[in-house]
Amino acid sequence: MPLSLILQYLFSGITAGAIYAVIAIGFNIVYNTTGIINFAQGEFVMLGGMIAISLGGFMPLPVAVAGAVAITALVGGLLEFVFIRRMKNPTVIQMIIVTIGLSILIREAALHVWDEKVHSLPYFTGNEISSLRIFGACLSPQVLWVLGTCAAVVAGLSLFFTHTAAGRAMRACSADRIGAMLCGINARTMVTLSFMISAAIGALAGCVISPITSTTYDCGTSLAVKGFTVAIIGGLGNSAGAVVAGLLLGIVEAFCISFMPMSYRDVVVIAILLAALSLKPSGLFGSSASHALKEF
Amino acid sequence: MRRLSFACFAAAIVVVQVATGLTGTGYLLTQLTMAAWYSLVVVGLCLLMGYAGQISLGHAAFFAIGGYTTAVLSSVNLLPAKSALPVRALSAVGLTIGGTDPWGSAVLRLSPWISLAAAMIASAVVAYGIGLPVLRLRGHYLAMATLGFGIIVYRIALGTPLFGAADGLSDVPSFPLFPGLCLDGTRLHRVSSYYFSWFVVLAVIVLIVNLIGSRAGRALRAIHGNEAAAQAMGIDTSRYKLHLFALSAVIAAMAGVFMTHYTGGIGPGETSVMKSIRYVAIVAVGGMANLWGALIAGTVLNFLSLRGLFGTYDDAVFGAVLIAMMLFAPDGIVRKKRI
């Protein structure tokens with residue numbers, strides 16, 4: 001395989017992997033504050049892309065993206081406020097079923113609000129054919145936007161969780177919910193906030209990826225499964241692990257296409273998920289001892 | 001009590017058939033028969049979710065394994081290999097069927113009884129293979145792992161020419177069950193297929209009710225109540241869960257086989273994630289550990305959906321049902337009986 005081709009696969013793998021990492025971080029944020037996996041996480045990505053495309057029809061692109069992120073964050077907060085909060089002492093199975101139900105409703109609402117067609121945002125800089133050449137491989141400027149955004153999200157979140165009062169309060173809730181409440185932290189508000197943040201970063205990912213992969217009403221499920229795979233391999237709740245695992249998975253997936261049919265791509269990813277779940281469910285970087293203490 | 005619900009249900013089946021016959025709405029029996037096959041999957045899943053407390057978001061995959069196995073095996077033309085020993089042996093015991101294909105040429109096919117057996121064995125093998133590592137997981141991990149398994153089967157069905165790729169397989173021959181009883185979607189066999197489908201559903205329910213009442217059933221309820229306590233009592237929890245997973249997979253595959261012969265085809269849509277989630281939704285409506293509730297919910301919701309009553313909101317209805325059930329009545333709408 002020539003160097004230019006290897007680089008080409010590498011770039012496409014890193015692009016997809018960065019998006020998976022952001023989705024996995026969205027899973028982690030909600031998991032850390034609530035202990036649940038939000039199966040509707042992939043739908044936030046779809047909503048972000050779709051809303052930005054609609055808003056982009058009558059306002060400049062940066063404003064449309066900001067608007068899409070804000071609206072999706074509101075939707076995320078609202079879902080928590082209206083549905084998740086109402087559940088009294090839910091079991092894990094009940095939480096899974098509710099978030100699956102929500103993801104179906106969001107998807108079907110999107111089908112009726114928009115349509116079943118393929119939409120996409122315009123390229124942020126340049127257009128479909130503008131590209132940078134690196135060692136014979138072509139790189140779309142949009143890839144740089146994706147990588148830059150993902151890096152900014154990771155950096156921004158780590159600053160948020162270490163240097164702001166709200167971020168530290170959220171970490172307190174994930175470490176010990178009752179202890180945090182005794183210190184005067186409103187744990188319920190923190191849960192709502194975690195849904196809003198994970199919805200917002202999902203929507204942002206949905207916007208930057210839309211010019212490359214385009215957006216359809218049902219693109220959320222496969223993104224959610226891959227994001228979850230990344231979250232597991234990186235260790236559930238571990239965001240630095242998610243970045244490494246995301247890039248790894250993206251690259252593996254990209255190279256798979258070089259020797260097997262495109263339609264089997266998801267099979268490889270999910271086979272990796274099943275292998276990871278059965279061999280080392282605590283993830284590449286998680287410790288088995290702390291995993292054994294977790295509530296599932 | 002159990003005998004009473006059984007008799008009521010059997011009576012309802014007869015009453016519905018007579019009523020449709022008298023009012024000239026016999027076409028409704030087609031959807032009722034299809035609803036019966038789907039309800040069979042639901043009953044099997046209810047056993048797994050309600051009694052062993054294990055969620056499966058991949059049960060449509062087992063239905064599809066059954067359907068695709070029989071669609072492939074029962075459509076193979078054995079005529080070129082007519083004189084080979086295995087084919088002659090099968091013919092001698094009546095397990096091949098001669099006939100003509102839709103274009104009028106003569107064919108020799110395997111009896112669907114063989115493909116039914118093959119489908120059930122295949123689904124059991126897959127269930128044990130996938131269940132052995134996966135059933136050690138709990139909660140979210142188990143849900144995601146079974147969901148992932150479902151997506152793998154969907155992708156394979158969608159991407160493999162043998163399974164007809166996106167078009168699925170059609171022209172599956174009818175299933176001659178016994179002399180004079182044939183399972184297919186023609187008008188001639190509508191009433192007999194209807195009775196046969198509900199006979200199978202009730203037979204499976206009798207089997208499950210007996211299982212639940214046995215030593216194994218008590219062990220399963222102990223697992224659901226508190227797995228650690230059950231283990232401390234000497235119950236081999238992982239073995240019971242695995243067997244139950246395989247049993248519900250085999251039931252789903254059986255439903256897939258009969259459905260495929262009834263409708264004459266199967267497509268990748270039957271394996272989709274949404275189908276699996278529908279089965280879970282119906283079990284949730286019926287009340288997790290309530291076989292009759294699951295059966296009634298399965299029949300009604302599938303019948304309405306197959307009649308197209310929900311229109312373009314078909315999937316949305318099931319999503320809304322899931323949320324409403326979990327928020328307002330996590331134990332189901334049909335009153336939970338004492339087990």
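Residues numbered from 1 in each chain as written. Chains lettered and ligands numbered in written order. Predicted model: local features only at pLDDT ≥ 70, side-chain atom pairs only at ≥ 80, totals over all residues.

Trainee: Help me understand the overall build of chain A, please; the structure alone is not making it clear to me.
Mentor: What chain A contains, in helices and strands, is 12 helices and two strands. Helices (α) and strands (β) of chain A occur, in sequence order from the N terminus, as α-α-α-α-β-β-α-α-α-α-α-α-α-α. Its C-alpha atoms give chain A a radius of gyration of 19 Å, near enough to 19 Å, the size a compact globule of 296 residues would have. Taken along its principal axes, the extent of the C-alpha atoms in chain A is 60 × 50 × 35 Å. A total of 296 residues make up chain A; the buried ones form 48% of that total. (Helix = DSSP H or I, 4+ residues; strand = E, 2+ residues; numbered from the N terminus. Rg over C-alpha atoms; globule rule 2.2 N^0.38 Å. Buried ≥ 20, exposed ≤ 12 C-beta atoms within 10 Å, placed from the backbone.)

Trainee: It is not clear to me how the overall build of chain B should be interpreted in this structure. Could you clarify?
Mentor: Looking only at helices and strands, one finds 13 helices and four strands in chain B. A compact globule built from 339 residues would reach a C-alpha radius of gyration of about 20 Å, and chain B, at 20 Å, matches this within 12%. When the backbone C-alpha atoms are referred to their principal axes, chain B occupies close to 60 × 50 × 40 Å. Counting over 339 residues, chain B shows a buried share of 47%. If you take every contact in chain B between residues at least 6 apart in sequence, the share linking residues at least 24 apart comes to 78%. (Contact = placed C-beta atoms within 7 Å.)

Trainee: What exactly am I supposed to notice about the confidence of the model for chain B here?
Mentor: Regions with low pLDDT carry predicted coordinates that are not meant to be interpreted in detail. Residue and element names in this part refer to chain B. When pLDDT is averaged along chain B, the result is 85, and 97% of the positions lie at 70 or above. Strand β1 (residues 96–100) is the least confidently modelled element of chain B, averaging 76 in pLDDT, while helix α3 (residues 59–73) averages 93, the highest of any element. The model gives residues 335–339 a pLDDT under 50, and that stretch makes six contacts with residues more than four places away or in other chains. Interface confidence for the predicted complex, expressed as ipTM, amounts to 0.84; the pTM equals 0.88. (pLDDT = per-residue confidence, 0-100.)

Trainee: Explain the interface of chain A and chain B here, please?
Mentor: It is common to give the size of an interface as the accessible area lost on bringing the parts into contact. Contacts between chain A and chain B engage 32 residues on the former and 34 residues on the latter. Listing elements by their share of the side of chain A that touches chain B, those giving two or more residues are α4 (92–113), α9 (220–234) and α11 (265–279) of chain A. Ranked by the residues each element gives to the side of chain A that touches chain B, the list is headed by α4 of chain A, at 12 residues.

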